[in-house]
Amino acid sequence: MNRINERLNNKSKLLSIYFTAGYPKLEDTVPVLESLQANGVDMVEIGLPFSDPLADGPTIQTSGTQALKNGMTTTLLFEQLKDIRKTVSIPLIIMGYFNPVLQYGVENFCKKCQEIGIDGLILPDLPLAEYQEHYQEMFEKYGLINVFLITPQTSDERIKQIDNASNGFIYMVSSASVTGSQSGFGNVQTDYFARIKNMNLNNPQIVGFGISNSETFNAATTYANGAIIGSAFIKMLTESGVEGIGDFVKTIR
């Protein structure tokens, strides 16, 4: 069983953390992962930096720009992660844009993910129809879960299509804005969370965008199986580095 499914089956209120590979320092990727596991995080999204990150807010954009300046590349990330399963056992997902995957070669990318123990991919700009027609068979061949995003504006019909195409979890974007642009949840978000919960989808849901503290984490996980923290964690890394991870996680739960 894929590590993502195993974790989702055995735990509720799952805490997932997003960080940018190669940030704050180029060599920080593995230490961040090891510290997140040691401090009880359930799953990690490793951000593959890209030069044109349309869905990212300023915090994650800045971290990606710095990571690229530091020298992070797809090839280097795979090199950094080649022995990661010797020390890290929690689910690992690579999140990024499809262009670097395409440049690397989609099958080569998937094969490399399988070799080093990556469990899934989140590629927000890979359309569902394109994935199903050209890449689904390849992802499944290499044991990779592809995670799709929905927003408050996504229709019920579209959500059901995504649910039928998914085999891990659905990433519930809490708003239509970019990452890091919210400080809490209003009625629009809570109504949306309740609507999705009442649809009784086949796949678990994890909320992202706008999760920054214990209040928003608990609000999101009242309705969903887990929540993802990205921008708030990047800000902490900027200020405190890897050494601040333990204290940060303690503030969430």
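Our subject is the structure that appears above.
Report on the accompanying structure. Note that the structure is a prediction, hence the values are computed from the model and not measured.

Quick word on the overall build of the protein chain
Within the protein chain, the regular secondary structure consists of twelve helices and nine strands. Against the compact-globule benchmark of 18 Å for 253 residues, the protein chain has a radius of gyration of 17 Å, which places it among compact chains. Here the C-alpha coordinates of the protein chain stretch approximately 45 × 40 × 35 Å along the principal axes. Per-residue burial for the protein chain yields a buried fraction of 55% across its 253 residues. Pairs at least 24 residues apart make up 75% of the contacts formed inside the protein chain by residues separated by at least 6 positions. Summing over all exposed atoms, the protein chain offers an accessible surface of approximately 11000 Å²; the carbon and sulfur share of this is 46%.

A few points about the environment of Ser231
Considering the arrangement of structural elements, one finds Ser231 in helix H11 (residues 231-240). Remark: the alpha-carbon pair of Ser231 and Ser51, spanning 180 residues in sequence, is separated by 18 Å.

A closer look at helix H8 (residues 156-165)
Here H8 has its buried residues at Ile159, Ile162, Asp163 and Ala165. The buried residues of H8 occupy an angular sector of 165° when projected down its axis, which confines them to one face. Opposite its buried face, H8 presents the exposed residues Glu157 and Asn164, each directed more than 90 degrees away.

What to know about helix H7 (residues 128-141)
Along its length, H7 shows its largest kink, about 70°, at Tyr135. Taken together, the buried positions of H7 are Leu128, Tyr131, Tyr135, Met138 and Phe139. Where H7 is buried, its residues contact helix H5 (98-104), helix H6 (106-116), strand S4 (120-122), strand S5 (145-147) and H8. Once H7 ends, the next one or two residues include Gly143, with phi positive near 70°.

Side note on the pairing of strand S8 (residues 205-208)
Here S8 shows no split at all, with Gln205 and Val207 on one side and Ile206 and Gly208 on the other all buried. Pairing analysis gives two bridges linking S8 to strand S9 (residues 226-229), with the strands arranged parallel. Following the sheet pairing, Ile206 is matched in S9 by Gly226.

Reading guide: rules and limits
- Residues numbered from 1 in each chain as written.
- Predicted model: local features only at pLDDT ≥ 70, side-chain atom pairs only at ≥ 80, totals over all residues.
- Heavy atoms only, no water.
- Helix = DSSP H or I, 4+ residues; strand = E, 2+ residues; numbered from the N terminus.
- Rg over C-alpha atoms; globule rule 2.2 N^0.38 Å.
- Buried < 20%, exposed > 50% of the residue type's maximum accessible area, 1.4 Å probe, protein only.
- Contact = heavy atoms within 4.5 Å.
- Areas by Shrake-Rupley, 256 points an atom, 1.4 Å probe, with all protein chains shown as cover.
- Arc of directions from axis to C-beta.
- Bend = angle between axes of the 7 residues up to and from the residue.
- Pairing = 2+ DSSP bridges.

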